Amino acid sequence: MALLEVRDLTTHFSTDDGVVRAVDGVSFEVEKGKTLAIVGESGSGKSVTCLTIMGLNTGKVQTSGEALFDGTDLILLPKRELREYRGKRISMIFQDPMTSLNPVHSIGRQLREAVTLHEGATKAQANSRALEMLRAVRIPRAETRLDDYPHQFSGGMRQRVMIAMALINNPDLLIADEPTTALDVTTQAQILRLMNELQRDFGSAIILITHDLGVVAETADDVLVMYAAKPAEQGACDDVFYRPHHPYTWGLMRSLPHLTAVGAELNPIPGTPPSLLNPPSGCRFHVRCPYAMEICRTVEPPLEPAPGDSHHLAACHLEEAVKQREAEQIVSEMMADTA
Amino acid sequence: MIRYIFRRLLWAIVLFLAVTIVTYVIFYLIPVDPARLAAGRNPTPQEVKNVAHYLGTDKPVYYQYGLFLKRLVIDHSLGYSFANRQSVNSAIFAAAPVTISLVLGGAILWMFIALPVGIYSALHPRSRLDRVAMASVLVGISAHPVWIGLMLSYIFGFRLELFPIQGYCNLKGSIAGQSCGGPIDWLYHMVLPWLTFAVLYAAFYVRMIRTNVMETLNEDYVRTARAKGASEIRVMVQHVIRNAMLPVVTMLGMDIAIALGGAVLTETVFGLPGLGKLAITGISTFDLPIIVGTVVFASVMVISFNLLVDILYAWVDPRIRLA
Amino acid sequence: MATQQRSTPLVPGAAAGAADFAEGGGGGVVARGYWEQAWRRFKRDRLAIVSGVFVVFLGLAAFIGAPLAQHWLGHGPNDLIKGGVDNFVPVGPWSHVDAGQGHRTLLVLGSSDLLGRDEFLRLLYGARVSLEVAILATILGVSMGVALGTIAGFYGGFVDTIVSRLTEIVMAFPLLLFAIALAATVGDRLNSYTMFGIFQHGIVSLTLVIGLFSWFYPARIVRAQVLSLREKEFVEAARMVGNSNLRIMRSHLLPHLVGVIIVYSTLTVATNILFEAALSYLGVGLPLPDASWGNLLSEAVQFYTLQPWVMLFPGLAILFTTLAFNLLGDGLRDALDPRGSL
Ligand SMILES: Nc1ncnc2c1ncn2[C@@H]1O[C@H](COP(=O)(O)OP(=O)(O)OP(=O)(O)O)[C@@H](O)[C@H]1O
Ligand SMILES: [Mg+2]
């Protein structure tokens, strides 16, 4: 059995303007020692999916579906018991490093808190653990910085502190919400290596939210592509990358910067993601989809397995033959680019 | 930090000078001759002139102000009342304990009300208690403080005869001309004034604390604390309250400081001989030294509390301390 | 740096700091849809609607109802009514009393003082004073505040420092004491100035004194708003096209400030009603024998234990009116600023 099994998860927020369906029927599994990448444009519900698993949404939330972690449904778990999991067995690196640290507590204190909340460690033990982690995330002169406050750190350093805090208890499941956005390429590589080590040493599972398809290709075992709160396509990384079955995935791949003869070229997907207050009828992507047909406007495509591969799912009305033709073309374009 | 304090200190001095100069100029410009008032009934012009010379009001305003500053800095004296030649220092010293009793007691009372209610309301928005609290807040800020005082003294003083309607008793035993004194009498006489004084502020503070706590609850670092597995109580105490209280502390300092300069309305309603009462009397008799004295005292309160709060703020908020 | 926020000397606290106010469509001109949406939201707020109706009704009662009532009752608000006092206590509500010269009259809410004046009429005429003073002072104070705040926020730098420091200095004054002192002295001199007979005695001077103490808070809010608006593209664009500063402020910044100005004006009216009543209560407001709610309260002090009505009525009048303006202001805020950034 997988470490985390999410079944038909939905999260709706009641706001003054109406109900925001931020996550609408998402299912996936993460095995021990494996990495699942979630990709999708801004506002597609990636963060909310993860926050729902951890029970960290605020506001008027309605959640349904299940999130079985080691057989326990986290959605139904009472707050008190859920706390035992948070920070210990499941931890999360938040997207926004600038505001995710408490401005009036020192870095050391916030790191120590993560340890002492779950273990009967003394202050000195917690301190040395904190120091060790700060070193691991490559904070220069870590020993002198424990007593510093968040505002004395740069954005990238704060992000590394957040990462240190998330890794400090060697969690079974690490959720990393765009963990490397504020970091330079070398540090980014270092952080990814750190996450790999965690995976190797403790068999941890990782959910990685990122916009960087390169990182996905390199590190992920499975991929979930989300569009407007729903899964558009999901499956093993290789399947999704080499046989993409959804026009949205094609768009994402095409929008990667190409190195052409005349320099970098961007092909962003035209249009903007729809409002989750009243999403479009039928296939939510039809408004922006160059392949849209009449049926797409009215009938919502089911998430169906690709022929011959029960784990590779996509939600699109297009003929199988069309999908395969397009997929091949895109993959060959990409190959040509990298070559 | 040292430089910060130094800057604030310098600014405090500038503020002090500005306030006293403006006070002096405004009251100098008022076309009322205090000498005429002080010279008694139907004075001859010569008498008025003599009195003016005696009071120093025949000198130009900058001279008077200079004299005032010199006396204040060197002799620590605020001068003598035009009306009865009593020293302003002693008048203020007599009135200050009354106002301090009223303000500090009132502040403790309103914080005792506002803290739990504000935090509860923030944690349970739109709950029944929150609705009741928010409705009371609206009534609290809409009712006139004088009227609140009169209502309280009618109900609890006159009807139920629980507390006296008027007057003040010295905390440290009775003084000349007073029939009561000591802590019990003091407390007994202060209950209604405290309540009256606290209503308006309690309403404001409930609302402010509620807003601040609600805002802080939405901060990302609160989510981080929860993600670490901290209990709700721990999240509140360690992460929410402290951040939410930073602006409240500032406001509290300012409000106490301003009220220490004279809680005019409450003092008038309950006949408390505090600084507000003193100032009003001074104003109605154009007693410049009393007016200036009370204004100076009040501004010194405001300025020094402001300074204190700034320093305190810097101490609890590392973003300022280490800037 | 710790900051102080204060609206008028009477009112502690008030909201801390202000962030961006809703900006309609985000373009150079506030989109019409913004006002339509605001109106739709406002209509849903029953309390605010009721308050608005109350305010309108009160205005009608004060300016049209008062003379009519005077006409029907056959006596004026300052008339001394012989039967209005019984055994040195003002009579209670609904008393048919001897008005002197052999005719009887009705005191709807009893009499207000030892001279037997009609409480009901005095309340009505007092409403007029309260509304006139509070609204005019608000217009004066808010205009000053908006002008200063806009200039400070727009020019920034040196000008901003001057205005901010000025505000800070003014806030270090014991403001209520100052207002009282001003009202007692300068105000006293101006009492007979009626602006060519438009207003009754004392209104102009009270307006000036109160207005002088109502500009800091609007100034702060507007400054914060303008500071954030200044950075927006449409202001840059307006500048590039060669608009003068004055024109940018008037045609590009002010439309975005309308919402915040409406909200804060409404709330300031509420505090100014309390302010006027406080000054009159202390005897430095509207000169007797004219009626204002504060005057009525201060007269009530003498015999409220024997005749509690005399304190109940003016107190409730103040309470309901202030409450109505506060609720209206809150409703407007919710309607004009749905994101709750204020
Ligand atoms: N507490 C909330 N209340 C109401 N709506 C919310 C709340 N949290 C998120 N949303 C809405 O849910 C949608 C999905 O948000 P989410 O943060 O999951 O996007 P995302 O995929 O993580 O985007 P990004 O790549 O920008 O981080 C957004 O439209 C957002 O406005
Ligand atoms: Mg996100």
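Residues numbered from 1 in each chain as written. Chains lettered and ligands numbered in written order. Predicted model: local features only at pLDDT ≥ 70, side-chain atom pairs only at ≥ 80, totals over all residues. Heavy atoms only, no water.

Moving on: the overall build of chain C. Of regular secondary structure, chain C possesses eleven helices and four strands. Burial statistics for chain C: of 342 residues in total, 59% are counted as buried. When the accessible area of chain C is evaluated, it comes to approximately 14000 Å², of which 65% is carbon and sulfur surface. (Helix = DSSP H or I, 4+ residues; strand = E, 2+ residues; numbered from the N terminus. Buried < 20%, exposed > 50% of the residue type's maximum accessible area, 1.4 Å probe, protein only. Areas by Shrake-Rupley, 256 points an atom, 1.4 Å probe, with all protein chains shown as cover.)

To continue, consider the packing of aromatic side chains. We describe a pair of aromatic rings using the distance from one ring centre to the other and the angle between the two ring planes. Scanning the entire structure with this criterion turns up 15 aromatic pairs over all chains. Geometrically, the ring pair formed by Y227 of chain A and F285 of chain A is edge-to-face, given 4.9 Å between the ring centres and 75° between the ring planes. Residue Y227 of chain A is found in strand 9 (residues 222-227), and its partner F285 of chain A is found in the loop between strand 12 (263-265) and helix 10 (294-298); the two are separated by 58 residues along the sequence. Exposure class is identical for Y227 of chain A and F285 of chain A. Each is buried. What links up through ring pairs into an aromatic cluster is the set W110, F197, Y201 and Y205 of chain B. (Phe/Tyr/Trp six-rings, centres within 6.5 Å; stacked < 30°, edge-to-face > 60°.)

Where charged atoms from two side chains of opposite charge approach closely, those side chains can pair. Residues and elements named next belong to chain A. For the structure shown, the criterion picks out 25 salt bridges over all chains. A salt bridge links R7 to E29; the nearest nitrogen and oxygen atoms lie 3.0 Å apart. Remark: E29 occurs in strand 2 (residues 18-30) and R7 occurs in strand 1 (residues 4-15); sequence separation between them is 22 residues. By relative accessible area, which is 30% here, R7 ends up partly exposed. (Salt bridge = Lys/Arg side-chain N within 4 Å of Asp/Glu carboxyl O.)

We now examine the interface of chain C and chain B. Between chain C and chain B, the residue contacts involve 48 residues of the former and 55 residues of the latter. Interface of chain C and chain B: buried area, both sides summed, is about 4700 Å²; carbon and sulfur atoms make up 77% of it. Scanning the region where chain C abuts chain B turns up one salt bridge. Close ionic contact of D330 of chain C with R207 of chain B constitutes a salt bridge, the shortest N to O distance being 3.9 Å. Taken together, the links from chain C to chain B amount to five residue pairs in polar contact (both at pLDDT 80 or more). Within the residue set of the side of chain C that touches chain B, elements represented by two or more residues are helix 4 (157-171), helix 5 (175-190), helix 9 (245-281), helix 10 (293-303) and helix 11 (309-336) of chain C. A per-element tally of the side of chain C that touches chain B places helix 11 of chain C first, with eleven residues. (Contact = heavy atoms within 4.5 Å. Buried area = accessible area lost by both parts, 1.4 Å probe. Polar contact = N/O pair within 3.5 Å; in protein donor to acceptor, adjacent residues only side chain to side chain.)

Note: predicted coordinates in regions of low pLDDT should not be interpreted at a detailed level. All names here are of chain C. Here chain C averages 75 in pLDDT, while 77% of its residues score no lower than 70. The lowest-confidence element of chain C is strand 3 (residues 95-98), averaging 66 in pLDDT; the highest-confidence one is helix 3 (residues 119-155), averaging 87. A low-confidence stretch, residues 1-9 (pLDDT under 50), is modelled with 44 contacts involving residues beyond four sequence positions or located in other chains. Low pLDDT (under 50) marks residues 11-29, which in the prediction has 60 contacts with non-local residues, meaning those over four places away or in another chain. Scored by ipTM, the complex comes to 0.87, with pTM at 0.83. (pLDDT = per-residue confidence, 0-100.)

Now for the coordination of the magnesium ion (ligand 2). All names here are of chain A. Taken together, the protein donors to the magnesium ion (ligand 2) comprise S47 (OG) and Q95 (OE1), at separations of 1.9 to 2.3 Å. Taken as a pair, S47 in helix 1 (residues 46-54) and Q95 in the loop between strand 6 (90-93) and helix 3 (107-116) lie far apart in primary sequence, 48 residues in all. S47 gets classed as buried once you look at its relative accessible area, which sits at 19%. (Donors = N, O, S within 2.8 Å, 3.2 Å for Na, K, Ca; no water.)

Further remarks concern the nonpolar core. W110, Y205 and V213 of chain B together with I180, F213, L279 and W293 of chain C are the most contacted members of the largest nonpolar core, which totals 181 residues. Excluding anything up to four places from it in sequence, I180 of chain C contacts V264, I280 and I283 of chain B together with L279, L282 and V284 of chain C. Grouped together as the second largest cluster of nonpolar side chains are 72 residues, V115, L167, A205 and V215 of chain A included. (Core = buried A, V, L, I, M, F, W, Y, C linked by side-chain atoms within 4.5 Å.)

Residue and element names in this part refer to chain A. The strand order across the open sheet formed by four strands is 2-1-4-5, and the pairing between neighbours is antiparallel. Sheet topology places strand 2 and strand 5 (72-73) at the edges, where each strand pairs with a single neighbour. Direction of pairing for strand 1 relative to strand 4 (residues 61-69): antiparallel, over a ladder of eight bridges. The partner of F13 across the bridge, within strand 4, is V61. Here helix 1 sits on the sheet in contact with strand 1, strand 2 and strand 4, set at roughly 105° to strand 1. (Pairing = 2+ DSSP bridges. Axes fitted to C-alpha atoms, helices over the stretch in contact; angles between N-to-C directions.)

Okay, the site of ligand 1 next. Residue and element names in this part refer to chain A. Within the structure, ligand 1 sits among 16 residues, and S42, G43, K46, S47 and Q95 are positioned closest to it. The backbone of G43 places a nitrogen or oxygen atom 2.8 Å from an oxygen atom of ligand 1. Note that an oxygen atom of ligand 1 is positioned 2.9 Å from one of the backbone N or O atoms of V48. Elements with a minimum of two residues in the shell around ligand 1: strand 1 and helix 1. Broken down by element, the shell around ligand 1 gets its largest block of residues, three residues, from helix 1. In terms of residue class, the shell around ligand 1 is built from four nonpolar, nine polar and three charged. (Near = heavy atom within 4 Å. Nonpolar A, V, L, I, M, F, W, Y, C, P; charged D, E, K, R; others polar.)

Next up on the list: unusual backbone geometry. Residues and elements named next belong to chain A. Look at R138: it is not a glycine, yet its phi comes out positive at around 60°. Summarising the element assignment, R138 is placed in the loop between helix 4 (123-136) and helix 5 (155-167). Even without being a glycine, A229 presents a positive backbone phi close to 75°. Structurally, A229 can be placed in the loop between strand 9 and strand 10 (230-236). Among the residues examined, A229 registers a relative accessible area of 0% and is labelled buried.

With that out of the way, let us pick up the interface of chain A and chain B. Facing the 28 residues of chain A at the interface are 25 residues of chain B. Counting the surface lost from both chain A and chain B, the interface buries some 2400 Å², and carbon and sulfur atoms represent 54% of this. Our count for the contact surface shared by chain A and chain B stands at two salt bridges. Between E113 of chain A and R234 of chain B there is a salt bridge, with the nearest N and O atoms lying 2.7 Å from each other. Across the chain A-chain B interface, the total number found is 13 residue pairs in polar contact (both at pLDDT 80 or more). Of all the elements in the fold, those that place two or more residues in the side of chain A that touches chain B are helix 1, helix 3 and helix 5 of chain A. At four residues, helix 3 of chain A tops the list of elements feeding residues into the side of chain A that touches chain B. A breakdown of the residues in the side of chain A that touches chain B according to their chemical character gives twelve nonpolar, ten polar and six charged.

This next bit is on the pairing of strand 1 of chain A. As a general feature of sheets, a regular strand has side chains that alternate between the two faces. Residue and element names in this part refer to chain A. The pairing of strand 1 with strand 2 spans ten bridges and is classified as antiparallel. If you follow T15 over to strand 2, its bridge partner there is G18. Taking the residues between adjacent antiparallel strands as the criterion, strand 1 and strand 2 are bridged by two residues.

Our focus in this paragraph is the packing of helix 5 (residues 88-123) of chain B against helix 6 (residues 128-142) of chain B. Residue and element names in this part refer to chain B. At a minimum axis separation of 9 Å, helix 5 and helix 6 run at an interaxial angle of 125°. The orientation of helix 5 relative to helix 6 falls into the category oblique. Our pair here, helix 5 against helix 6, has a crossing hand that is left-handed. Touching V117, Y120 and S121 of helix 5 are L129, D130, A133 and M134, all from helix 6. Grouping the constituent residues of the contact of helix 5 with helix 6 by class yields five nonpolar, one polar and one charged. (Parallel < 35°, antiparallel > 145°, perpendicular 65-115°, else oblique. Left-handed = near helix turned anticlockwise from the far one by under 90°.)

The next thing to look at is the pairing of strand 6 of chain A. Residues and elements named next belong to chain A. Where burial is concerned, the two faces of strand 6 agree: the one with I90 and M92 and the one with S91 and I93 are both buried. Sheet topology places strand 6 next to strand 7 (residues 173-177); four bridges connect them, and they run parallel. Considered in strand 7, the bridge of I90 is made with L173.

Counting through the fold element by element, A314 of chain A comes out in strand 14 (residues 309-314). What makes A314 of chain A buried here is its relative accessible area of 5%.

A surface patch of nonpolar side chains, about 520 Å² in accessible area, is lined by F6, L10, I13, L17, I21 and V25 of chain B. With respect to the helices and strands, the residue I21 of chain B is situated in helix 1 (residues 2-29). (Patch = residues over 30% accessible without salt bridge, like charges linked within 9 Å, V, L, I, M, F, W, Y side chains within 5 Å.)

The next subject is the environment of V258 of chain C. Secondary-structure assignment places V258 of chain C in helix 9. With relative accessibility at 31%, the residue V258 of chain C sits in the partly exposed group.

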